[in-house]
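A structural walkthrough
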Amino acid sequence: MNTIGKKIKIKLFGTSHGPEIGAVVLGLPKGLKLNWKKINWWMDRRKPGKNNLVTTRIEEDKPIIKSGANKRGVLTGDTLKFIIKNTNSKSNDYNSLLRPGHADWTSLIKYNKVLPGGGQFSGRLTAPIVFIGAIINDYLNNKYKINISSKIVSLYNVKNPNKNQIQNIIGKLKKEGDSTGGILEINVNNVISGLGSDFFGGIESKLSQYLFSIPGVKGVSFGDGFELSKMKGSQSNDELFLNKNKKIYTKSNHMGGILGGITNGMDLKINVGFKPTPSINKKQRTVDYKTMNETTIKINGRHDPAIILRGQVVCEAYIAIALLELIKSNEEK
């Protein structure tokens with residue numbers, strides 16, 4: 001399944017160690033001018049090889065548009081197709097050993113093959129998503145004043161780590177040949193009320209579908225999430241008030257701006273949990289699927305010690321894409 005969306009339909013193509021990756025996109029706003037300064041900023045946040053806390057694989061990650069935009073960088077309303085070249089893959093880093101924690105095993109079960117670098121399961125496929133999300137985020141910000149931001153609120157059992165702590169934690173684990181998971185908090189301001197629907201059309205379901213497609217994401221919650229299970233109703237309920245303009249609002253936001261699967265106009269609060277990077281430079285038990293013998297593996301390739309660092313902008317991109325999908329659906333009703 002490499003296609004998602006109805007109003008904003010995206011089809012991904014390519015693999016981690018193939019010649020290129022990219023996407024075909026339908027439904028983007030006609031006449032929108034691409035803001036390359038902002039797009040490049042988004043792409044740089046996900047780009048590998050930029051510092052010593054991420055993978056040393058160096059890729060330029062420059063989208064090359066094949067159709068859907070004119071020479072002035074304005075979307076024509078036609079299908080947008082673009083590619084991003086892979087220039088620095090090293091397939092020799094991989095062999096017939098199944099990497100613990102990766103999709104190698106399930107790929108073998110499902111497709112009877114294991115592709116270098118994770119193939120279509122790789123986080124490399126999130127680069128096209130960030131390009132699309134950057135375009136849509138700019139549109140949402142300019143037309144609806146919607147603002148999407150995020151911050152790391154947990155990293156290796158440290159809550160609300162500052163920049164220095166993040167660098168120290170990841171740097172130490174990298175030296176040890178290990179990795180860490182983390183929790184990301186995403187906030188969306190100026191959300192349009194009435195997005196989503198009841199039951200199967202709930203906005204939580206829609207956003208979760210997009211976020212769970214990110215390799216490494218293992219948990220998504222809204223508002224206070226699992227902390228709500230520890231509260232009384234008198235503590236968790238967001239009481240309603242009228243402001244001086246007779247607009248309904250809440251003093252608290254334990255529900256994260258969603259009730260009954262529909263946005264209520266308060267800020268969206270979404271928490272995303274990332275697992276530790278499964279590629280670690282420590283000896284682990286595994287199986288050689290060609291000889292069917294038990295053995296050990298120590299992964300020496302180029303990997304992120306914390307997926308969450310580059311995954312942060314990917315989450316923001318998917319939130320932007322999902323919101324425009326929901327807005328377009330809402331406007332057509």
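All figures in this text were calculated on a predicted structure; none of them were measured in a lab. (Residues numbered from 1 in each chain as written. Predicted model: local features only at pLDDT ≥ 70, side-chain atom pairs only at ≥ 80, totals over all residues. Heavy atoms only, no water.)

**A look at helix 7 (residues 307–331)**
Inclusion rule: Numbering of helices and strands starts at the N terminus; helices are DSSP runs of H or I of at least 4 residues and strands are runs of E of at least 2. Here, expected helix span is obtained from the residue count minus one, scaled by 1.5 Å. Only protein chains enter the accessibility calculation, which uses a 1.4 Å probe; a residue is then buried when its area is under 20% of its type maximum, exposed when over 50%, and partly exposed in between.
For helix 7, spanning 25 residues, the distance from its first C-alpha to its last is 36 Å, which sits close to the expected 36 Å at 1.5 Å a residue. Counting buried positions along helix 7 yields 20 of 25 residues, so the element is predominantly enclosed.

**Description of the side chain of Ser208**
Worth spelling out the cut-off: Note on contacts: a residue pair is in contact if any heavy atoms of the two residues lie within 4.5 Å.
Note on placement: Ser208 falls in helix 5 (residues 203–211). Judged by its relative accessible area of 14%, Ser208 is buried. When sequence neighbours within four positions are dropped, the list of residues in contact with Ser208 reads Val220 and Phe222.

**Considerations on the packing of aromatic side chains**
So the rule is basically this: Whether two aromatic rings pair depends on their centres lying within 6.5 Å, for rings of Phe, Tyr and Trp, where Trp uses its six-membered ring; planes under 30 degrees apart make the pair stacked, over 60 edge-to-face, and the rest tilted. A ring is considered to have a charge above it if a Lys NZ or an Arg CZ atom is located within 6 Å of its centre and within 35 degrees of its normal.
Here the structure, examined in full by the defined rule, presents six aromatic pairs. Measuring from centroid to centroid gives 5.8 Å for Tyr210 and Tyr318, while their planes differ by 65°, and the two rings are edge-to-face. One end of the pair, Tyr210, is in helix 5; the other, Tyr318, is in helix 7, and 108 residues separate them in sequence. Look at Phe241 and Tyr249: their rings are 6.3 Å apart centre to centre, the planes differ by 40°, and that puts the pair in the tilted class. Of the residues examined, Phe241 reaches a relative accessible area of 34% and is grouped as partly exposed. Overall, the relative accessible area of 26% leaves Tyr249 in the partly exposed class. Feature note: the residues Trp36, Phe82 and Phe131 constitute an aromatic cluster, connected by ring pairs. Against the face of Trp42 rests Arg45, its NZ or CZ located 5.8 Å from the ring centre.

**Some points on the sheet that holds strand 7 (residues 158–159)**
The condition is simple: A pair of strands is treated as paired once DSSP finds two or more bridges between them. Axis geometry follows a simple rule: fit a line to the C-alpha atoms, using only the stretch in contact for helices, then measure angles between N-to-C directions, giving values from 0 to 180 degrees.
Read across the sheet, five strands follow the order 7-6-8-14-9 without closing on themselves; strand pairing throughout is antiparallel. In this open sheet, the two edge strands, each paired with only one partner strand, are strand 7 and strand 9 (217–222). With two bridges connecting them, strand 6 (residues 147–155) and strand 7 associate as antiparallel partners. Across the sheet, Ser154 pairs through a bridge with Lys159, a residue of strand 7. Each of strand 6, strand 8 (182–189) and strand 14 (268–274) touches helix 7; the most contacted strand, strand 6, lies at about 145° to it.

**Here we look at the packing of helix 3 (residues 126–144) against helix 7**
Note the threshold: With respect to orientation, any angle under 35 degrees is reported as roughly parallel, any angle over 145 as roughly antiparallel, any angle of 65 to 115 as roughly perpendicular, and every other angle as oblique. Each crossing gets its hand from how the near helix is turned against the far one by less than a right angle, where anticlockwise is left-handed and clockwise is right-handed. When residues are sorted by character, Ala, Val, Leu, Ile, Met, Phe, Trp, Tyr, Cys and Pro go into the nonpolar class, Asp, Glu, Lys and Arg into the charged class, and all the rest, Gly among them, into the polar class.
It is at 7 Å that the axes of helix 3 and helix 7 come closest, and there the two elements cross at 55°. One element, helix 3, and the other, helix 7, form an angle in the oblique class. Judged by the sense of rotation from one axis to the other, the crossing of helix 3 with helix 7 is left-handed. Within the contact between the two elements, helix 3 uses Thr126, Ile129, Val130, Ile132, Gly133, Ile136, Asn137, Tyr139, Leu140 and Tyr144 and helix 7 uses Val313, Val314, Ala317, Tyr318, Ala320, Ile321, Leu323, Leu324, Ile327 and Glu331. Considered class by class, the residues forming the contact of helix 3 with helix 7 number 16 nonpolar, three polar and one charged.

**A word on the environment of Asn293**
Within the secondary structure layout, Asn293 lies in strand 16 (residues 293–297). Asn293 gets classed as partly exposed once you look at its relative accessible area, which sits at 44%. Considering only alpha carbons, one finds Asn293 and His303, ten residues apart in sequence, at a separation of 26 Å. Look past the residues within four positions of Asn293 in its chain and what remains in contact with it is Thr286, Val287 and Asp288.

**Describing the sheet that holds strand 5 (residues 80–85)**
Pairing is antiparallel across the open sheet formed by five strands, whose spatial order is 1-2-3-5-4. Two strands lie at the open edges of the sheet, namely strand 1 (3–4) and strand 4 (64–67), each paired on one side alone. In this structure, strand 3 (residues 20–26) lies alongside strand 5, joined through six bridges in antiparallel fashion. Its bridge partner lying in strand 5, Glu20 is registered against Lys85.

**Some remarks on the pattern of salt bridges**
The condition that has to hold: Definition used for salt bridges: Asp or Glu carboxyl oxygen within 4 Å of a side-chain nitrogen of Lys or Arg.
Overall, the coordinates contain eleven salt bridges when judged by the stated rule. For Asp44, the salt bridge goes to Lys47, with nearest N and O atoms at 3.3 Å. With its nearest N and O atoms 2.7 Å apart, the salt bridge here joins Asp304 to Arg310. Arg310 carries the same exposure label as Asp304, and that label is buried. What you see here is one network of salt bridges that share partners, running through Arg46, Asp61 and Arg124.

**What about the nonpolar core?**
For the record, the criterion: Definition of nonpolar core: a set of buried residues of the types Ala, Val, Leu, Ile, Met, Phe, Trp, Tyr and Cys, connected through side-chain atoms within 4.5 Å.
Counting residues in hydrophobic clusters, the biggest one holds 73 residues, and the most contacted among them are Ile10, Leu140, Ile270 and Leu323. The element best represented in this core is helix 7, accounting for 15 residues. Setting aside chain neighbours within four positions, we find Ile270 in contact with Leu184, Glu185, Ile186, Leu207, Leu211, Val220, Ser221, Phe222 and Ile319.

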